Amino acid sequence: MGFKLTTIEEFESATDRLLETGKKVGADSWQMRVKNQTPHCKFGEQGICCRICSMGPCRITPKAPRGICGCDAHGIVGRNFLRFTAGGAATHSDHGREICHTLHCASRDGSYHVKDAEKLIRIAGEWGVETEGKDIYDLAHEMSELALMEYGKPFGISRWLSRAPEHTRELWKKAEIEPRAIDREVSCAMHMTHMGCSSLPEALVRQALRAGMADGWGGSMCGTEFSDVMFGTPMPVDTEANLGVMKEDEVNIIVHGHDPSLSEMICEYAGDPEMIALAKSLGAKGINVAGVCCTSNEVAMRRGVPMAGNFLQQENVVLTGACEAIVVDVQCIFPALGPLSKCFHTKFITTSPIAQMPDSDFIRFSAESAAENAKKIVRTAVENYVNRKSDLVHIPQMKQKATVGYSVEAIVKTLDGVTNSQVDVLGTTKPLIECITSGVIRGAVAMVGCNNPRVRPDSAHVGLMKKLIQNDIILVLSGCSAQAAAKAGLMDKQAKDLCGAGLKRVCELADIPPVLHMGSCVDISRMMVLASELAKDSGLNISQLPLVGCAPEWMSEKAVSIGNYVVATGIDTFLGVAPQVTGSSEVTGLLTEGIRDWVEAAYTVETDIDKLCDAMITRIEEKRAALGI
Ligand code: CUV
Ligand code: SF4
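Reference entry: report on the structure contained in this document.

Procedures and definitions
- Residues numbered from 1 in each chain as written.
- Chains lettered and ligands numbered in written order.
- Predicted model: local features only at pLDDT ≥ 70, side-chain atom pairs only at ≥ 80, totals over all residues.
- Heavy atoms only, no water.
- Donors = N, O, S within 2.8 Å, 3.2 Å for Na, K, Ca; no water.
- Tetrahedral: all angles 85-135°; square planar, octahedral: opposite > 155°, others 65-115°.
- Helix = DSSP H or I, 4+ residues; strand = E, 2+ residues; numbered from the N terminus.
- Buried < 20%, exposed > 50% of the residue type's maximum accessible area, 1.4 Å probe, protein only.
- Expected span 1.5 Å × (residues − 1).
- Near = heavy atom within 4 Å.
- Nonpolar A, V, L, I, M, F, W, Y, C, P; charged D, E, K, R; others polar.
- Patch = residues over 30% accessible without salt bridge, like charges linked within 9 Å, V, L, I, M, F, W, Y side chains within 5 Å.
- Areas by Shrake-Rupley, 256 points an atom, 1.4 Å probe, with all protein chains shown as cover.
- Salt bridge = Lys/Arg side-chain N within 4 Å of Asp/Glu carboxyl O.
- Disulfide = S-S within 2.5 Å.
- Pairing = 2+ DSSP bridges.
- Axes fitted to C-alpha atoms, helices over the stretch in contact; angles between N-to-C directions.
- Arc of directions from axis to C-beta.
- Contact = heavy atoms within 4.5 Å.
- Phe/Tyr/Trp six-rings, centres within 6.5 Å; stacked < 30°, edge-to-face > 60°.
- Parallel < 35°, antiparallel > 145°, perpendicular 65-115°, else oblique.
- Left-handed = near helix turned anticlockwise from the far one by under 90°.

Let us look at the coordination of the nickel atom of ligand 1. Here the nickel atom of ligand 1 is held by the protein donor atoms His258 (NE2), Cys294 (SG) and Cys521 (SG), which lie 2.3 to 2.6 Å from it. Every donor counted, the four donor atoms about the nickel atom of ligand 1 form angles of 79 to 167 degrees at the centre, which fits irregular coordination. Taken in chain order, the donor set of the nickel atom of ligand 1 reads H-x35-C-x226-C. Residue His258 is found in the loop between β4 (251–256) and α10 (260–270), and its partner Cys521 is found in the loop between β13 (515–517) and α22 (524–538); the two are separated by 263 residues along the sequence. His258 sits in the buried class, given a relative accessible area of 2%.

Before going further, it helps to examine helix α19 (residues 459–470). The first and last C-alpha atoms of α19 sit 17 Å apart over 12 residues, in line with the 16 Å expected at 1.5 Å per residue. Residues of α19 that are buried include every one of Ala460, His461, Val462, Leu464, Met465, Leu468 and Ile469, and no others. Two residues or fewer past α19, Asp472 is found with a positive phi of approximately 60 degrees.

Another point: the site of ligand 1. Around ligand 1, a shell composed of 13 residues is seen, among which His258, Cys332, Cys450, Cys480 and Cys521 lie nearest. Secondary-structure elements contributing two or more residues to the shell around ligand 1 are α12 (293–303) and α20 (479–488). Taken together, the residues that form the shell around ligand 1 break down as eight nonpolar, four polar and one charged.

As a further point, take a nonpolar patch on the surface. Taken together, Met55, Ile68 and Met195 make up a surface patch of nonpolar side chains, about 280 Å² in accessible area. Examined against the element boundaries, Ile68 turns out to sit in the loop between β2 (58–59) and α4 (73–105).

It is worth spelling out the state of the cysteines at this point. According to the stated counting rule, one finds zero disulfides in the structure shown. Its sulfur unpaired, Cys613 is 8.3 Å from the next cysteine sulfur, which belongs to Cys550. The buried category is assigned to Cys613, whose relative accessible area is 2%.

Take the sheet that holds strand β11 (residues 443–447) next. Whenever strands of a sheet pair, they do so through backbone hydrogen bonds, lying parallel or antiparallel. Strand order in this open sheet of six strands is β13-β12-β11-β14-β15-β16, and the pairing throughout is parallel. Lying at the two open borders of the sheet, with one neighbouring strand each, are β13 and β16 (603–605). Averaged over neighbouring strand pairs, the angle between their axes works out to 25 degrees when direction is ignored.

An α-helical turn contains 3.6 residues, so any two residues separated by three or four positions project in the same direction. Looking only at helix α21 (residues 501–510), the buried set comprises Gly502, Leu503, Val506, Cys507 and Ala510. Here the buried residues of α21 occupy an arc of 135 degrees about the axis, which is enough to place them on one side. With respect to the buried face of α21, the exposed residues turned more than 90 degrees away are Ala501 and Leu509. Packing partners of the buried residues in α21 comprise α16 (408–415), α18 (430–437), α19 and β12 (473–477). Within two residues after α21, Asp511 carries a phi angle of roughly 55 degrees, on the positive side.

Applying the stated criterion to the full structure yields seven aromatic pairs. Each ring, one from Trp127 and one from Phe226, has its centre 6.0 Å from the other, and the planes form 75 degrees; the classification is edge-to-face. Of the two residues, Trp127 is situated in the loop between α5 (117–126) and α6 (136–149) and Phe226 in helix α9 (residues 201–231); the sequence distance between them amounts to 99 residues. Each member of the pair Trp127 and Phe226 is classed as buried.

Quick look at the packing of helix α11 (residues 273–281) against helix α15 (residues 370–383) now. Remark: α11 packs on α15, axes separated minimally by 9 Å, with the N-to-C direction vectors making an angle of 15 degrees. By the angle between their directions, the pair α11 and α15 is classed as roughly parallel. Judged by the sense of rotation from one axis to the other, the crossing of α11 with α15 is right-handed. Contact with α11, carried on its side by Glu274, Met275, Leu278 and Ala279, involves Lys375, Val378, Arg379, Val382 and Glu383 of α15 and no other residues of that element. Classifying every residue of the contact of α11 with α15 gives five nonpolar, no polar and four charged.

Close contacts around ligand 2 come from Cys50, Ile52, Cys53, Met55, Gly56, Cys58, Gly67, Ile68, Cys69, Arg79 and Met195, and that covers them all. Looking at side-chain class alone, the shell around ligand 2 contains eight nonpolar, two polar and one charged residues.

So, on to the pattern of salt bridges. For the structure shown, the criterion picks out 48 salt bridges. Among the ionic pairs, Glu10 bridges to Lys4, the shortest N-O distance being 3.4 Å. A relative accessible area of 30% places Glu10 in the partly exposed class. Its salt-bridge partner being Lys285, residue Asp249 comes within 3.4 Å of it at the nearest N-O pair. Placement of the pair is Asp249 in the loop between β3 (237–241) and β4 and Lys285 in the loop between α11 and β5 (287–292), with a sequence separation of 36 residues. Note on Lys285: relative accessible area 57%, which makes it exposed. One network of salt bridges, with partners in common, ties together Glu118, Lys119, Arg122, Glu126, Arg163, Glu225, Asp228, Glu298, Arg302, Glu409, Asp523 and Arg526.

Glancing now at the packing of α9 against α22. Running from N to C, α9 and α22 cross one another at 100 degrees; their axes reach a closest spacing of 8 Å. When the axis of α9 is compared with that of α22, the two are roughly perpendicular. Where α9 abuts α22, its residues Gly216, Trp217, Ser220, Met221, Thr224 and Asp228 lie against Ser525, Arg526, Met528, Val529 and Ser532.

Set out below in structure tokens:
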């Protein structure tokens, strides 16, 4: 025995202790700000406030059922939903674009290299690019240019769509949701939602799916695939998670954000002998890098860098009083970190022109001068060690072991060990399909997404996961959901003991934890590839697979963009937080049922987490029954 999950109550008491330090230094916290912001504006919550022209803002009430231009609630809600999606699609895709740019900077003697040449050659093959006799760096540059063209090409549809099964591609074509150039779908969304353009819910929802597709089957896929090419395709690696990974006697550098181009370089220079010597000369035992949010997922999966926490834990890392620097790039960074860091010795270092914030030290990072920038950042952190106020230091001694890094490649390779029929199944998802058809595993849930103060932090993630694995349902995770699992201990291989008998046996045979870490949010593109492979290898349609998506604590625009492409790929998706569309029965109806006619899947929204869990299990069993398995 000995193995025990960390409970939500334990998470919370650690947070409470840190908030006491916060109070002592006069710090603000999201817990306090939530109180000031609730109850939320009902118009906003329902999506029936329109402020896209200056005749407004217009709000829909029973007495005022139309805006000044005559737009009704359905048009307003639909436009808001599409703009929300466009924000997310733009964000993920721009991250992907940065990765493509970084690949363009890769060189033999530079900061960025081609680590997975085989993968690059495989993608080149998919794209019909000649690789024979080509220098790998020439190929990298050629591929990065082609990938960058995907953002603005005048004709054609996304190259990545060719990875999907035939049937899915036909559905996309018929529904007119095949994404064209990535930027075009975002631009088109903004155009459609301008005053006096679309107010037809069906047209707006259709474009919301297409913009999501431009993300998942466009920009995010570029981000994931070319990150793998440069930094390595993740393979299982051991790490640890939760605030206990911070070290009292070392310089703690926290990387937070999304783009591995930055975090990889920080990790690189934190291991530099010159920097370590500097740290030692200042009284520290070494340099410890840990991550927050998706950047943490990136470096955990490829380097085993420990995970300090997820979205709603970002303030906690500063509240430990032991954070020398929190280094951020883009997305999901609380502006609160500025003033909060000022209450401590912590340097809040922003690095991207995309995410500039008050009360931060801006050290501009670019792929061209990565080495120099990273070194400066690490040095700034190390030199700050001497400013630590020891009476404010408290690191909650709380962490769990986790095995992470289950890329599609890693899953295929690992699960090959499960079935006996090794010979003809190497390199396919067939062993996993066999586990599912035989009923050893009932199905799979792709659980993703953030934290949101509307849900007791991590309770929905962890609660759902515990119940699902008991029911022999395997989980693939990404984003802050994955970190919730890791913090709780569900990514420890010993968590197999919490599973039903079937899943437990699979975990033992394959030597895997019952919840598999597939990466960051852009890596949900990996899940699309996995679903496609499962469909192709089984001869089924994606929508027939006993597989559902779930985002129980989501908050960001990116999450909606993701949800839209997951659903559009044929995977029923279950949300624990309602999107701001409840003010329109038509838009709600389309999302929860109507779009099923186009893509064979739809959303289910259920804020009662027990009911959400039951609904997923029921859906998985329905799909099994329909297949007669
Ligand atoms: Ni990208 S989007 S909070 S899950 S990192 Fe976590 Fe990750 Fe943000 Fe949501
Ligand atoms: Fe009001 Fe129409 Fe302008 Fe929106 S577009 S603010 S509903 S007048």
